[in-house]
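Inside the fold
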Amino acid sequence: MDDDLASDLVGNQHMKNPTTVQLEIENKIAFIWFDGETNRNALSLSTMRELESMLMELEQDRNISVILLRGRGPSFCAGFDLAPVLEDSSILNDFIGVLGRLLKIIRRHRAVVIAGVDGAAVAGGCAIVSACDMVVVSPDSRLGYPVHALGISPVVSGNTLASSIGNGPARSLLLSGKLIDGIQAFRTGLASMVDEAPCDASEELARRVATHGSHALEVTKSWLN
C-alpha cells in the first residue's frame, strides 16, 4: 500500500488538469472541496493559491465560524502536482513557499478549520491536515510524507505537525517517510476522530461546532494560537 501511494505521488507529476477548489456556504459553515479526482486531488500552484485567496476572503466574513475541507473521490490529497518542476526545478521553491503560507493561514484562521479525510492525505495533503483544528479520518486512511525519494523535504509542516502530535512523533513521521493509517493517526493525535464515513462524520462535526457561539470559538482559537 505504501509503495502504491508513493508511485501515485510520483505519477501526479504528469497530470494535466489541475485540481480546483469548490466552495459552498451554508449556516455559518464554508464547505470546501478539492476537486481533482483523476489526479487524487494533487496540489498545483494554482490550486494552493486559489485556496489561499478563498481562506483570506472567508477570514473577513464574520458570518463564517467553521470551514470544512474535504476531497472528491478516493483521496483527500496526494501531495504536489509537480509537472512544472520537471521542466524547471527552481519552481519547487514556489510550491514550498505557497504551502508554507497556506499552513499559517489555516492554523491562524479566525474560523475553526476541520478536515474530513477519506483515503490518502500524503505530503502536502498531510501538511494541510496537520494545520487543521480537528481532523476526521477513516480507519484505512493513509497519512504521511513519502517525498524524500523525490528530493523534497517535508519540514515545511514541521511546526504545525509538532504542535499537533508532539516533537518526537513529528520528527519520526517527517524523517521516516512512512505512512500511517487512520487508527495510528488517531493514536498519535494527528486525527481527532475515526469514522468509516469521514466525509459525513466531519460534516456532522462541523454542523455541531457551528452551533457554538462564534465569538467564543474565535477567542478560544486565538488563545490556543
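Report follows, based on the coordinates. If you're wondering where the values come from, they're calculated on a predicted model, not measured in any experiment.

**Looking at the overall build of the protein**
- Per the secondary structure count, the protein includes ten helices and ten strands.
- Taken against the 2.2 N^0.38 rule, which gives 17 Å for 225 residues, the C-alpha radius of gyration of the protein at 16 Å falls within 12% of a compact globule.
- With the principal axes as the frame, the protein shows a C-alpha extent of 45 × 35 × 30 Å.
- Roughly 10200 Å² of accessible area belongs to the protein as shown, and the carbon and sulfur atoms make up 51% of that amount.
- Each charge sign in the protein was given a centre, from 19 positive and 27 negative side chains, and these centres are 7 Å apart.

**Some details on the layout of surface pockets**
- Taken as a whole, the largest pocket spans an internal volume of roughly 370 Å³.
- Arg107, Cys132, Asp133, Met134 and Leu224 are the residues nearest the centre of the largest pocket, which is lined by 18 residues in total.
- Of all elements in the fold, only α5 (124-131), β7 (134-137), α6 (158-165) and α10 (214-224) reach the threshold of two or more residues within the lining of the largest pocket.
- For the lining of the largest pocket, the leading source of residues is α10, giving four residues.
- Residue classes in the lining of the largest pocket are distributed as eight nonpolar, seven polar and three charged.
- Of the pockets and cavities examined, the second largest pocket occupies roughly 260 Å³.
- Lining the second largest pocket, in full, are Gly100, Leu103, Lys104, Arg107, Arg108, Val156, Asn159, Thr160, Ser163, Leu224 and Asn225.
- Top element by residues in the lining of the second largest pocket is helix α4 (residues 91-108). It accounts for five residues.
- Residues belonging to the lining of the second largest pocket are distributed by class as follows: three nonpolar, five polar and three charged.

**Some words on the sheet that holds strand β6 (residues 120-122)**
- Ordered in space as β4-β6-β8-β9, the four strands form an open sheet in which the pairing is mixed. Each having just a single partner strand, β4 (77-78) and β9 (179-181) make up the two edges of the open sheet.
- Across two bridges, the pairing between β4 and β6 is parallel. Each residue of the ladder has a partner; that of alanine 78, found in β6, is valine 122.
- On top of the sheet, α5 reaches β4, β6 and β8 (142-144); it is set at about 90° to β6, its chief contact.

**Some details on the nonpolar core**
- With 56 residues, the main nonpolar core has Ile67, Leu69, Phe76 and Ile128 as its most contacted residues.
- Counting residues per element, this core draws most heavily on α4, at nine residues.
- Setting aside anything within four residues of it in sequence, one finds leucine 69 in contact with Ile32, Leu51, Phe76, Ile106, Val113, Ile114, Ala115, Gly116, Ile128 and Cys132.
- Within the second largest apolar cluster, 13 residues are counted, among which are Ile29, Val66, Leu205 and Ala206.

**Observations regarding the state of the cysteines**
- Scanning the model with the defined rule gives zero disulfides in all.
- Cysteine 132 takes part in no disulfide bond, and the closest cysteine sulfur to it belongs to cysteine 126, at a distance of 11 Å.

**Digging into the pairing of β7**
- Note that strand β5 (residues 112-117) and β7 share four bridges and pair parallel. Looking at β7, one finds that valine 117 is bridged to valine 137.

**Thoughts on empty space enclosed by the protein**
- With the rule as written, the count across this model stands at one cavity of 30 Å³ or more.
- In this structure, the largest cavity spans a volume of roughly 130 Å³.
- Breaking the lining of the largest cavity down by element, the ones donating at least two residues are α4 and α5.
- Class assignment of the residues belonging to the lining of the largest cavity gives a composition of 13 nonpolar, three polar and no charged.

Quick notes on the rules
Residues numbered from 1 in each chain as written. Predicted model: local features only at pLDDT ≥ 70, side-chain atom pairs only at ≥ 80, totals over all residues. Heavy atoms only, no water. Helix = DSSP H or I, 4+ residues; strand = E, 2+ residues; numbered from the N terminus. Rg over C-alpha atoms; globule rule 2.2 N^0.38 Å. Areas by Shrake-Rupley, 256 points an atom, 1.4 Å probe, with all protein chains shown as cover. Lys, Arg positive; Asp, Glu negative; His and termini not counted. Charge placed at Lys NZ, Arg CZ, Asp CG, Glu CD. 1 Å grid on protein atoms, 1.4 Å probe; cavity = no way out; pocket = protein on both sides within 12 Å on 5 of 7 lines; lining within 4 Å. Points joined across faces, edges and corners; volume = space filled by probe spheres on them. Nonpolar A, V, L, I, M, F, W, Y, C, P; charged D, E, K, R; others polar. Pairing = 2+ DSSP bridges. Contact = heavy atoms within 4.5 Å. Axes fitted to C-alpha atoms, helices over the stretch in contact; angles between N-to-C directions. Core = buried A, V, L, I, M, F, W, Y, C linked by side-chain atoms within 4.5 Å. Buried < 20%, exposed > 50% of the residue type's maximum accessible area, 1.4 Å probe, protein only. Disulfide = S-S within 2.5 Å.

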